Amino acid sequence: MATVLITGTSSGIGYQTAIVLARAGHAVYATMRNLERGAALRKAAEQEQLPISIVKMDVDSDESVEAATASIRSQAGSIDVLVNNAGIERSGSIEGLALEDFKATMETNYFGPLRTIRAWLPDMRAQRSGCIINITSVAGKIACSPLTPYSASKFALEALSEGLAQEVKPFNIRVAV
């Protein structure tokens, strides 16, 4: 079975992915920036005795990603799969939204995955295997108002994923969106 790190697991896609993969027998490191929001996942893991470890990690912070990576490395050694799921959405008109809304969306939805990829890619290269899954959106292919900040961040993540897939193919590392 694989060792999987998933970002943004307090709800939605991340939460469900953690449950499904743990039920399949994979060791799951479920990360989130606010551990108080992990109560439902913690309860489900305990009730079903699932192999889920909940770890604090804010993908917007270099220090938080480094600390969580060190903690997981000390427990698991390495990971086989990285699922970059953490994300935020800001909506509104381009002229009406604050520039900070655009920056926050890019920070979480683009730079967040980039941080976690950079943290774990050396391990995957060394073991000559791995899988990186970046959760994007149809909004990463087709932009629609009023979701321009979100679309821009997902377009960027799509481009990062395409370039990364070419870069790591010789190392038997797969990249999927």
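Just above sits the structure.
Remember, it's a predicted structure, so these values are computed and weren't measured experimentally.

Undergrad: Help me out: how do you make sense of the layout of surface pockets in this one?
TA: Over the atoms rolls a probe the size of a water molecule, and in doing so it shows where empty space is left. Taken as a whole, the largest pocket holds about 460 Å³ of empty space. Lining the largest pocket are 24 residues, and of these Gly8, Asn85, Ala86, Gly87 and Ile88 sit closest to its centre. Of all the elements in the fold, those that place two or more residues in the lining of the largest pocket are helix H1 (12-23) and helix H5 (148-168). A per-class count over the lining of the largest pocket returns eight nonpolar, 10 polar and six charged.

Undergrad: Hey, could you run me through the pairing of strand E3 (residues 52-56) in this one?
TA: Remark: a regular strand shows side chains that alternate across the two faces of the sheet. Relative to E3, strand E2 (residues 27-32) is paired through five bridges, and the arrangement is parallel. Looking at E3, one finds that Ala30 is bridged to Ile54. Read from E2 through helix H2 (residues 39-48) to E3, the crossover connection turns out right-handed.

Undergrad: Hey, could you run me through the packing of helix H4 (residues 99-127) against H5 in this one?
TA: Two quantities define a packed helix pair, namely the angle between the helix axes and the distance between the axes. With their axes 8 Å apart at the nearest point, H4 and H5 run at an angle of 15° to one another. By the angle class used here, H4 and H5 are roughly parallel. When you trace H4 past H5, the crossing you get is right-handed. Contacts between H4 and H5 involve Phe102, Thr105, Met106, Asn109, Tyr110, Pro113, Leu114, Ile117, Leu121 and Arg125 from the former and Pro149, Tyr150, Ala152, Ser153, Lys154, Ala156, Leu157, Leu160, Leu164, Glu167 and Val168 from the latter. Among the residues forming the contact of H4 with H5, the class breakdown is 15 nonpolar, three polar and three charged.

Undergrad: Would you mind showing me how to read the pattern of salt bridges here?
TA: Oppositely charged side chains can form a pair if their charged atoms are brought close together. Applying the stated criterion across every chain yields a total of 11 salt bridges. The partner of Arg23 in a salt bridge is Glu48, with the nearest N and O atoms 2.7 Å apart. Placement of Arg23 in helix H1 and of Glu48 in helix H2 is noted, with a sequence separation of 25 residues between them. By relative accessible area, Arg23 is classed as exposed at 52%. For Arg115, the salt bridge identified is with Glu107, shortest N-O distance 2.4 Å. Arg115 sits in the buried class, given a relative accessible area of 17%. The network of salt bridges with common partners includes Arg33, Asp58 and Asp60.

Undergrad: It is not clear to me how the side chain of Thr108 should be interpreted in this structure. Could you clarify?
TA: When you line up the elements, Thr108 lands in helix H4. In this structure Thr108 touches Val59, Asp60, Ala86, Gly87, Ile88 and Pro113, once residues within four positions along its chain are discounted.

Undergrad: Is there a simple way to explain the environment of Phe102 in this structure?
TA: By the secondary structure assignment, Phe102 is in helix H4. Sequence separation between Phe102 and Glu36 is 66 residues, and the spatial gap between their C-alpha atoms is 27 Å. Beyond its immediate sequence surroundings of up to four residues, Phe102 is in contact with Ile94, Leu97 and Pro149.

Here is what the cut-offs are and how they apply
- Residues numbered from 1 in each chain as written.
- Predicted model: local features only at pLDDT ≥ 70, side-chain atom pairs only at ≥ 80, totals over all residues.
- Heavy atoms only, no water.
- 1 Å grid on protein atoms, 1.4 Å probe; cavity = no way out; pocket = protein on both sides within 12 Å on 5 of 7 lines; lining within 4 Å.
- Points joined across faces, edges and corners; volume = space filled by probe spheres on them.
- Helix = DSSP H or I, 4+ residues; strand = E, 2+ residues; numbered from the N terminus.
- Nonpolar A, V, L, I, M, F, W, Y, C, P; charged D, E, K, R; others polar.
- Pairing = 2+ DSSP bridges.
- Right-handed = clockwise from strand over helix to strand, strands pointing away.
- Axes fitted to C-alpha atoms, helices over the stretch in contact; angles between N-to-C directions.
- Parallel < 35°, antiparallel > 145°, perpendicular 65-115°, else oblique.
- Left-handed = near helix turned anticlockwise from the far one by under 90°.
- Contact = heavy atoms within 4.5 Å.
- Salt bridge = Lys/Arg side-chain N within 4 Å of Asp/Glu carboxyl O.
- Buried < 20%, exposed > 50% of the residue type's maximum accessible area, 1.4 Å probe, protein only.

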